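Residue strings, one per chain:
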There are 2 protein chains.
Amino acid sequence: MPLTFYKGLRKPFGQDHRSPEVRRLLGEAFRACLALLLPLQRIELVSFVPNKQYLAFASEDGTKRTRAVNTALFNPDFAEWEAFAAAMEANELHGFEPARITRLIYSVAISFCCAVDLIHDRDNKTPATFFEYLIGHLFAWRLGVNPQTSIQVLNLDNEETHLTTDFIFDLGEQRPKFHLPLKTSTRERVIQVWAHQRVLDGVFGTGRFLGTPVILTETKTDAKKGEVIEICLPEQWRIYQMHIAQLKRVYYLDMPAAYIRLNEVFPPIHVKEFGEFFWEVDALVA
Amino acid sequence: MPLTFYKGLRKPFGQDHRSPEVRRLLGEAFRACLALLLPLQRIELVSFVPNKQYLAFASEDGTKRTRAVNTALFNPDFAEWEAFAAAMEANELHGFEPARITRLIYSVAISFCCAVDLIHDRDNKTPATFFEYLIGHLFAWRLGVNPQTSIQVLNLDNEETHLTTDFIFDLGEQRPKFHLPLKTSTRERVIQVWAHQRVLDGVFGTGRFLGTPVILTETKTDAKKGEVIEICLPEQWRIYQMHIAQLKRVYYLDMPAAYIRLNEVFPPIHVKEFGEFFWEVDALVA
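Residues numbered from 1 in each chain as written. Chains lettered and ligands numbered in written order. Predicted model: local features only at pLDDT ≥ 70, side-chain atom pairs only at ≥ 80, totals over all residues. Heavy atoms only, no water.

1. Some remarks on the relation of the copies chain A and chain B
The pair of chain copies shares a relation made of a rotation about an axis and a shift along it. To keep things clear, this is the line we draw: The fit set for superposing copies consists of C-alpha atoms from residues with pLDDT of at least 70 in both; the fit itself is least squares. The contact criterion used is simple: two residues touch if any of their non-hydrogen atoms lie within 4.5 Å.
Superposing chain A onto chain B takes a rotation of 180° plus a shift of 0.0 Å along the axis, which leaves an RMSD of 0.0 Å. Look at the turn and shift together and you get a two-fold axis relating the two. A symmetric contact is evident, with 100% of the interface residues of chain A recurring at the interface of chain B.

2. Here we look at the interface of chain A and chain B
Under the convention used in this document: Take the accessible area each of two parts loses on contact, using a 1.4 Å probe, and add the two losses: that sum is the buried area. Every case where a carboxyl oxygen of Asp or Glu lies within 4 Å of a side-chain nitrogen of Lys or Arg is listed as a salt bridge. The definition of a polar contact used here is a pair of N or O atoms within 3.5 Å, where within protein one atom must be able to donate a hydrogen and the other to accept one, and adjacent residues in sequence count solely through side-chain atom pairs. In this text, helices come from DSSP runs of H or I with a minimum length of four residues, and strands from runs of E with a minimum of two, each type numbered from the N-terminal end. Just so you know the grouping, Ala, Val, Leu, Ile, Met, Phe, Trp, Tyr, Cys and Pro go in nonpolar, Asp, Glu, Lys and Arg go in charged, and all remaining residues, Gly too, go in polar.
Contacts between the two partners involve 26 residues from chain A, matched on the other side by 26 residues from chain B. For the pair chain A and chain B, the summed buried surface comes to about 2300 Å²; carbon and sulfur atoms form 57% of the total. Counting the contacts that link chain A with chain B gives zero salt bridges. The tally of links between chain A and chain B comes to four residue pairs in polar contact (both at pLDDT 80 or more). Elements supplying a minimum of two residues to the side of chain A that touches chain B: β6 (161-169), α6 (191-204) and α7 (234-243) of chain A. Looking at the side of chain A that touches chain B, the element that brings in the most residues is α6(A), giving eight residues. Residues of the side of chain A that touches chain B, tallied by class, amount to 10 nonpolar, nine polar and seven charged.

3. Remarks on empty space enclosed by the protein
All names here are of chain B. Convention followed: Using a 1 Å grid laid over the protein atoms alone, points where a 1.4 Å probe fits but cannot get out form a cavity; open sets with protein on both sides within 12 Å along at least 5 of 7 lines form a pocket; any residue with an atom within 4 Å of a point counts as lining. Grid points are joined across faces, edges and corners, and a volume is the space filled by probe spheres set on the points.
For the coordinates displayed, the defined rule picks out one cavity of 30 Å³ or more. Within this model, the largest cavity holds a volume of roughly 30 Å³. Lining the largest cavity, in full, are R238, Q241, M242, P267 and I269. Per-class residue counts for the lining of the largest cavity are three nonpolar, one polar and one charged.

4. Quick word on the sheet that holds strand β4 (residues 69-70) of chain B
Each strand in a sheet pairs with its neighbour through backbone hydrogen bonds, running either in the same direction (parallel) or in the opposite one (antiparallel). Residues and elements named next belong to chain B. Just so we agree on the cut-off: A pair of strands is considered paired only if DSSP assigns at least 2 bridges between the two.
Taken in spatial order, the three strands line up as β1-β3-β4 in an open sheet, and their pairing is antiparallel. Only two strands of the sheet have a single neighbouring strand rather than two, namely β1 (41-44) and β4. In this structure, strand β3 (residues 54-58) lies alongside β4, joined through two bridges in antiparallel fashion. By the bridge assignment for β4, Y54 is matched with N70.

5. Observations concerning the packing of α7(A) against helix α6 (residues 191-204) of chain B
Helix packing for two helices is described by the angle between their axes and how far apart those axes are. For clarity, the cut-off: To obtain an axis, a line is fitted to C-alpha atoms, over the contacting stretch when the element is a helix, and the angle between two such axes runs from 0 to 180 degrees between their N-to-C directions. We call two directions roughly parallel when the angle between them is under 35 degrees, roughly antiparallel when it is over 145, roughly perpendicular when it lies between 65 and 115, and oblique otherwise.
Two elements in contact, α7(A) and α6(B), have axes whose closest approach is 10 Å; the angle formed by their N-to-C orientations is 70°. Overall, the two elements α7(A) and α6(B) adopt an arrangement that is roughly perpendicular. Each of A:I239, A:Y240 and A:H243 in α7(A) lies in contact with α6(B), whose residues at this interface are B:H196, B:R198, B:V199, B:G202 and B:V203.

6. Re the sheet that holds strand β2 (residues 46-47) of chain A
In space, the three strands of this open sheet follow the order β2-β12-β11 (chain A), with mixed pairing throughout. Every interior strand has two partners, whereas the edge strands, β2 and β11 (219-222) of chain A, have only one.

7. Focus: helix α9 (residues 276-285) of chain A
Heads up, the rule is: Each residue is assigned to one of three classes by its accessible area relative to the maximum for its type, calculated with a 1.4 Å probe on protein chains only: buried under 20%, partly exposed between the two thresholds, exposed over 50%.
The set of residues buried in α9(A) consists of A:F277, A:F278, A:E280, A:V281, A:L284 and A:V285. Contacts from the buried residues of α9(A) go to α4 (98-119), α5 (125-143), β7 (177-180), β9 (209-211), β13 (250-252) and β14 (271-273) of chain A.

8. A few points about the pattern of salt bridges
Residues and elements named next belong to chain A. In total, this model carries 26 salt bridges over all chains according to the counting rule given. In this structure, D254 and K52 form a salt bridge, with 2.8 Å as the shortest nitrogen-oxygen distance. Of the two residues, D254 is situated in the loop between β13 and α8 (257-260) and K52 in the loop between β2 and β3 (54-58); the sequence distance between them amounts to 202 residues. Judged by relative accessible area, D254 falls into the buried class, the value being 2%. With relative accessibility at 11%, the residue K52 sits in the buried group.

9. Notes on the side chain of A:S111
Residue and element names in this part refer to chain A. Topologically, S111 is positioned in helix α4. For S111, a relative accessible area of 0% gives the class buried. When sequence neighbours within four positions are dropped, the list of residues in contact with S111 reads F30, C33, L34, L37 and F74.

10. Considering the side chain of A:D123
To be explicit about the condition: When charges are tallied, Lys and Arg are placed among the positive residues and Asp and Glu among the negative ones, while His and the ends of the chain are skipped.
For A:D123, the location among the structural elements is in the loop between α4 and α5. No salt bridge is formed by the buried A:D123, whose closest oppositely charged neighbour, B:R122, lies at an N-O distance of 7.5 Å. Here the side chain of A:D123 touches A:T126 through a polar contact of 2.5 Å, side chain to side chain. Sequence-distant contacts of A:D123, that is, excluding residues within four places in its chain, are made with A:R67 and A:V116.

11. Quick look at a nonpolar patch on the surface
Residues and elements named next belong to chain A. This is how the line gets drawn: What makes a patch is a set of residues exposed beyond 30% relative accessible area and free of salt bridges, joined within 9 Å when like-charged and within 5 Å when nonpolar (Val, Leu, Ile, Met, Phe, Trp, Tyr). In this description, accessible areas are obtained by the Shrake-Rupley approach with a 1.4 Å probe, and a residue is regarded as covered only by the protein chains that are shown.
On the surface, a nonpolar cluster with roughly 270 Å² of combined accessible area is contributed by V46, F48 and I229. Counting through the fold element by element, V46 comes out in strand β2. What makes V46 partly exposed here is its relative accessible area of 41%.

12. So, helix α2 (residues 20-37) of chain B
Residue and element names in this part refer to chain B. Rule in force here: Given the number of residues in a helix, its expected span is that number minus one, multiplied by 1.5 Å.
Here α2 is 18 residues long and its end C-alpha atoms lie 26 Å apart, about the 26 Å a rise of 1.5 Å per residue gives. Among the residues of α2, those classed as buried are V22, R23, L25, L26, G27, E28, A29, F30, A32, C33, L34 and L37. Each element contacted by the buried residues of α2 is listed here: α1 (2-15), β3, α3 (78-89), α4 (98-119) and α5 (125-143).

13. Concerning the environment of A:V145
All names here are of chain A. Mapped onto the fold, V145 is located in the loop between α5 and β5 (148-153). According to the relative accessible area criterion, V145 is partly exposed, its value standing at 23%. Separated by 25 residues in sequence, V145 and D170 have C-alpha atoms that sit 7.3 Å apart. Those residues within four positions of V145 in sequence are excluded, and the remaining contacts are R18, A140, F169, D170 and L171.

Printed below as a string of structure tokens:
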């Protein structure tokens, strides 16, 4: 029952995003999702994304299908999670190079999304909240602090105002803070991420918050035809990066091909696979 | 059949938003929605919005309910539409003071939303597109030009880039242009509106585009309990207005109480009922 562990996560996550209990429940949810999905029929989807294959799981009675799963990234191996959890426990990620972390965390996240696709009707909120638990735990562990989701804004006239944000990780004085929007997909709503960064830059000064959104995937599946596309707006991203605010990184679990190229245009937007964060974070805050 | 007229709108709207044929089909859709809704049972909802009452229509078999309808604004009177259409035809809105226009256009928009609520399951796209037809027609008529939804952005290095936007009405040289986002409701997604305004200001210069979003309502209904609330974020709006960009007006069909007060804070955000536009537009562009 993936949802039992999901429901169990709310309280310990609220107390301390970094806690071993959160990690344990994330793992149990992953294990339960695999137990649910692995016996099911896999349907190969027609991929219109270059060099990527996608599959969907079909419910036993054939009435429901999950969202698209990247075949090359999906690794239904619970032992891999156990190894990673042990490495986190030991504070030593040796052997977990970026691609290996990306693949594992993609598998955990997409498994839960697929499980919810089969259990609930059109529920986007539950997968989004699980994604917050998962990525929030990993970032809080790596950065060593819990995030906040609102921040006081200085105002004239003795007013007290709070800006509501995605996760903000405050590393303390003389260090940058992280601004971490989390999305299972963005499409045209992505402009929100730049807008929040703009507010933070405007209120506190440019460079004090490193904007590093984490996004699961940009795939969209036509359920009737079984076709998968990626919805990408690279030209719009360039305009946002030049005219709204500067994001430091955009991390993807399933990196869209159209955004990889943004690393190579000038001025570049640094779009990277999620696992890179764990290896480059020290350089980012230096 | 409201959806027949809806489907018929796509082509004439695409050719000329201002055309009498668009106005005729909008009216026929309104009439068809009233024919569908008026025989149905009305359920009084529990309103948590001060000084506003809301109702919902129940489907004949009792299995479905529409979204919330503001009882005081809802005027199921097709003759009122005919009078307004005749006034538009004659280019003379005498007698149509702002509150009267707001009430009529609210009734047209919410009737269509309610009809779709009963015909389709969880369809937000069809009401949103109808709302674009309706408001797009009225603005194009009043401003005398058709809008565009993308605009060329000047770039170095001989690149050609287009920014995708909501409706942009170009009134010609030496006059401001209108930037018109249209939403049936915004909630936390409203930051997109300020972000797009920021891009326009950044690319073309502040003051050249007047940002005047038009929003239907901010109500949210708890279907099980039959309770209606308004989701408003006035403190966040003030931060966006001060730190992202300046919107010239925010027009509502069903104006949320919490936003009326933004007219009175300093610096003010001018939030007005929709009908005001038709009377103040000449002052806005002067």
